[in-house]
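Observations on the model geometry
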Amino acid sequence: MSNRKNKNRYLLISVMILIFSITLIGCSSESVENSDSASESSNMITFAWPRDIGEMNPHIYNPSQLFAQSMIYEPLVSYQDGGELKPHLAESWKISEDGKEYVFNLRQDVKFSDGTKFNADIVKKNFDAILNNADMHGWLGFITKIDQTEVINEFTFKLTLKEPYYPTIQELAVVRPVRFLGEAGFPKDDDTSKGVEKPVGTGPWVLDEYKVDEFAVFQRNEDYWGELPSVEKIKVKVIPDAETRILAFEKGDLDLVYGEGVISIDTFKQLESDGSYETSISEPVATRQLVMNTNKEQLSDIRVRQALHYGFNKQAMVDGVTSGLEEKADFILPTNLPYTSNVDATKVEYNVNKAKQLLDEAGWKLPKGKTVREKDGKPLEIELMYNSAEIIQKTMAETLQSEWLGLGVKLNIAGVELTTQVERFKANEFDMNFYSNFGAPYDPHTFVNMMVTEGFGFREVISSYPNKEEFMNQIVEVQQTTDENERQQLYTVILGSLQEQSSIVPISYIKKIAIYQKNVSNFTFPANRDEHPFTGISVK
Amino acid sequence: MGTYVLKRIMTIIPIFLIATLLTFGMINLSPVDPAEAYFTAAHIQATDEMLEQKRHEFGLDQPLLIQYVNALIKICQFDFGISYVTNKPVWEEITSRMPATIQLTIGSLLIAILVSIPIGFLAGMKKNTGIDHFSRFLSFIGASIPSFWLGYLFIFFFSVKLDLFPVEGTGTWKHLILPSLTLAFPLIALYTRLLRASVLENLQESYVLFARTRGIHEKVIMGKHVLRIAISPMITGLGMNLGNLMTGAIIVEAVFSWPGFGRYFIDAIFNRDVPVIQGYVLLAAGLFLISNLIVDLIQMYIDPRISRKGRQYQ
């Protein structure tokens, strides 16, 4: 009796295990064919990205990935090397004398991927959808200044601003939110902030296949109005872990790894020296800066700030920490951005004696038998805040700590989460902080604008400037002037005085990296920091 | 039995309440503002107005108590809210990623059971022989190697060098092997030791002696009697670990790009996606409770002495 019961029991368990296994295999076999068919195409580039591409909606932010949005959707104006603004979906444009009216002549040969025409109506429809959620886009200056959008005729679109704002054309090059969704993509109530029906754009790529958190396949848009990409498909694999990305690359599963901070510096160096792969490093995309709160007593004296600048070996630090992946920076903004190339400022070379002398002059003396300078009995103690998840910031903070101790400055370093770093920076609860500018196509105007806007942390950076009022007026002026020469002059002055005041210390130029297999050619970095890098890329 | 199950299910309610209160409290103790985190993740320099609007949208401008009660009422209706980041219902986000995580969990449980039962059992029976030493070695390794590193090692040898398995992703049963093995490794270490100790203990029991004197074949004694009783602590362990496996898959999922919800949860923590964190914690609490309950039931079934003992004291 009990024997039979046992037998039944074992039978039951075996059957359960069998069912489990069959479900497991069943679940998976369906998708097998999919992934096989995708990898069959030889004219395809497979590359890895740390996150899922998100919803392909041109008008929203998180969690959509910029590079993917830029593959499907296109701007009126495109940002090219050196800050050159070239016609894209707009063939040409005219700006009125007072700098308030922008008339765009649109290209007439552009079609959306579903075959519908790109024209002034759809441009207006997109603008209106964006303006309906203007609060969400308040960070982008020209959105807040738009007064009217008008369709003049089928291919002419007019934008009227409330006040002149020169960066309008440059801001039209951003990846989101001013790119264009086709009619079929709009939801019933036209409110794209809640989602789109389907991703219909004018760009060179069309989303073909997509599996959340796994992969996305972009197919070449055969009816693309511009130059047709040479590869047929781009497959984006979602691989969150940097080491796994590299292992997959070494195995040959990936053709390309690209981005900022996507792999560790050591790995990059190792693969570079291996010789079996191609590597490349971009032009500077942003400057890593050290930002000082001049409201703090110790840092209110320009001599102290200069001393700190003189007092560390920038070249050695940047080379040592980034192994040459970043370049020592002399200027607050990379000089490949518009209006930034002819800033003249005295170069600060490493000079410990000069630093000590400046500190002495500022009244911070080193008492006998002590290692930290004092003034009126107070020690020279400063806190540097860094993002604890960023190894470069951490290592640099530690380097500065030991370098400045040699000067008699005690640097306390505080590692915090990124969001805390942003919050404390904005609330002025910091002595010193790491920061990096947005880069193309947002700068230089976004960067200087932060100096005059409350709530960005930069107001405190300039608060002890002797000519603060004048400086702030110049920044307001530079955004409104319609005279190109005057604008250039103003930028030179503004950036020059920022350099001079030493409250923002340029450390290094941040660059993007790419590693690819030998059969990939014509890889170029996009001039716009947020764009995809697949223009012109080909694979053998 | 029915009342027992009912009683156990009733305990879920206070535990759920405590879990919600704890997560809610901890999220609010953290100095990070979810609205700020939202914009940071999107690389936007948010103005104060934008922040205020987002806080309002998230309902963060209301008093804490009201926020908590509102969340609680919704949870009772199985509404876990909308994710701050993706703008989709949390429940949808979790259920769409659940199958992958469950697949991984079952895979690793199967591997853990299939490997640790024979090794642990043989190691107990043949104390101080080769297999015993091997099991000891295995458990040292399993207990001391962190799973992310083990994952890399597996990928490096079995995938990059030997090309037996894919590096990452899903699709075939081959994709499942390495992540399951990585996840199962610490369990194998634990279970072989548990089983070995329990077998050794049972061998000293008088029933084994009686069986031997009755002339029952050694194989039958071992297979039918000793193994069946000795396996009991291992099943308890399994129950404790089932919840662990589900939630502990986070690292393995990240290493192998497995599209489960552990990975999604990590992002949620960094983005302070409160509804997602809450939903996840509740689900994890539920999993622990249910898996423990199931294990207790299985145990009663395998070793009827347990329920008999229980009845004695009633």
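Residues numbered from 1 in each chain as written. Chains lettered and ligands numbered in written order. Predicted model: local features only at pLDDT ≥ 70, side-chain atom pairs only at ≥ 80, totals over all residues. Heavy atoms only, no water.

Bringing the packing of aromatic side chains into the picture now. Think of a pair of aromatic rings as described by two things: how far the centres are apart, and how the planes are tilted against each other in angle. A full pass over the atoms with the stated rule returns 38 aromatic pairs over all chains. The interplanar angle of 45° and the centroid separation of 5.7 Å between the aromatic rings of Phe154 of chain B and Phe158 of chain B together place this pair among those described as tilted. Placement of both Phe154 of chain B and Phe158 of chain B in helix α7 (residues 147-161) is noted, with a separation of four residues, approximately one turn of the helix. Residue classification places Phe154 of chain B among the buried positions, given a relative accessible area of 10%. In this structure an aromatic cluster arises from ring pairing among Trp93, Tyr102, Phe104, Phe112, Phe118, Phe127, Phe157 and Phe180 of chain A. For Lys235 of chain A, the ring lying beneath its charged end belongs to Phe215 of chain A, and the centroid distance is 4.8 Å. In this arrangement the basic side chain of Arg97 of chain B is found over the ring face of Tyr264 of chain B, its NZ or CZ atom lying 4.1 Å from the centre. (Phe/Tyr/Trp six-rings, centres within 6.5 Å; stacked < 30°, edge-to-face > 60°. Helix = DSSP H or I, 4+ residues; strand = E, 2+ residues; numbered from the N terminus. Buried < 20%, exposed > 50% of the residue type's maximum accessible area, 1.4 Å probe, protein only. Lys NZ or Arg CZ within 6 Å of the ring centre and 35° of its normal.)

On to the domain arrangement of chain A, then. Residue and element names in this part refer to chain A. Domain assignment breaks chain A into domain 1 (47-52 + 203-282 + 512-539), domain 2 (74-191) and domain 3 (286-510). Between domain 1 and domain 2, the contact holds 10 residues from the first and 13 residues from the second. Both faces considered, domain 1 and domain 2 share a buried interface measuring about 930 Å² in area, 55% of it formed by carbon and sulfur atoms. The largest contributions to the domain 1 side of the interface with domain 2 come from Trp225, Ala527 and Asn528, which together make up 60% of the buried area. (Domains from an automatic or database assignment. Contact = heavy atoms within 4.5 Å. Buried area = accessible area lost by both parts, 1.4 Å probe.)

For the rest of this paragraph, the subject is the sheet that holds strand β7 (residues 156-161) of chain A. Residues and elements named next belong to chain A. Spatial strand order, β4-β5-β7-β6: four strands in an open sheet with antiparallel pairing. At either end of the open sheet lies a strand with only one pairing partner, and these are β4 (90-95) and β6 (146-153). Shown here is a sheet whose adjacent strand axes are inclined to one another by a mean of 20°, direction ignored. As paired elements, strand β5 (residues 101-106) and β7 share five bridges and run antiparallel to each other. Residue pairing across strands places Asn105 opposite Thr156, the latter belonging to β7. Sheet strands touched by helix α3 (residues 120-132): β5, β6 and β7. Its angle to β6, the strand with the most contacts, is close to 165°. (Pairing = 2+ DSSP bridges. Axes fitted to C-alpha atoms, helices over the stretch in contact; angles between N-to-C directions.)

The partner chain A presents 44 residues to the 50 residues of chain B that form the contact. In this assembly, chain B packs against chain A so that about 4,300 Å² is buried in total across both faces, 57% of it on carbon and sulfur atoms. When the buried area of chain B at its contact with chain A is split by residue, Gln45, Tyr152 and Glu168 of chain B rank highest and sum to 14% of it. Across the chain B-chain A interface, the total number found is five salt bridges. For Asp213 of chain A, the salt bridge is made with Arg263 of chain B, and the minimal N-O distance between the two is 4.0 Å. Where chain B packs against chain A, one counts eight residue pairs in polar contact (both at pLDDT 80 or more). For the side of chain B that touches chain A, the elements supplying multiple residues, two or more each, are α2 (34-41), α3 (48-58), α5 (90-125), α7, α8 (173-203), α10 (218-230), α11 (232-255) and α12 (261-270) of chain B. Here the side of chain B that touches chain A is built from residues that sort into 26 nonpolar, 14 polar and 10 charged. (Salt bridge = Lys/Arg side-chain N within 4 Å of Asp/Glu carboxyl O. Polar contact = N/O pair within 3.5 Å; in protein donor to acceptor, adjacent residues only side chain to side chain. Nonpolar A, V, L, I, M, F, W, Y, C, P; charged D, E, K, R; others polar.)

A few words on a nonpolar patch on the surface. A surface patch of nonpolar side chains, amounting to about 410 Å² of accessible area, comprises Leu6, Met10, Ile13 and Leu17 of chain B. Accessibility expressed as a relative area gives 52% for Ile13 of chain B, which makes it exposed. (Patch = residues over 30% accessible without salt bridge, like charges linked within 9 Å, V, L, I, M, F, W, Y side chains within 5 Å. Areas by Shrake-Rupley, 256 points an atom, 1.4 Å probe, with all protein chains shown as cover.)

Time to look at the UniProt feature "domain: Solute-binding protein family" (unreviewed entry) in chain A. Feature annotation in UniProt assigns "domain: Solute-binding protein family" (unreviewed entry) to the following positions: residues 84-454 of chain A. In residues 84-454 of chain A, helix accounts for 27% and strand for 25%; the two terminal C-alpha atoms are 30 Å from one another. (UniProt positions renumbered as here; feature names shortened; annotations may be inferred.)

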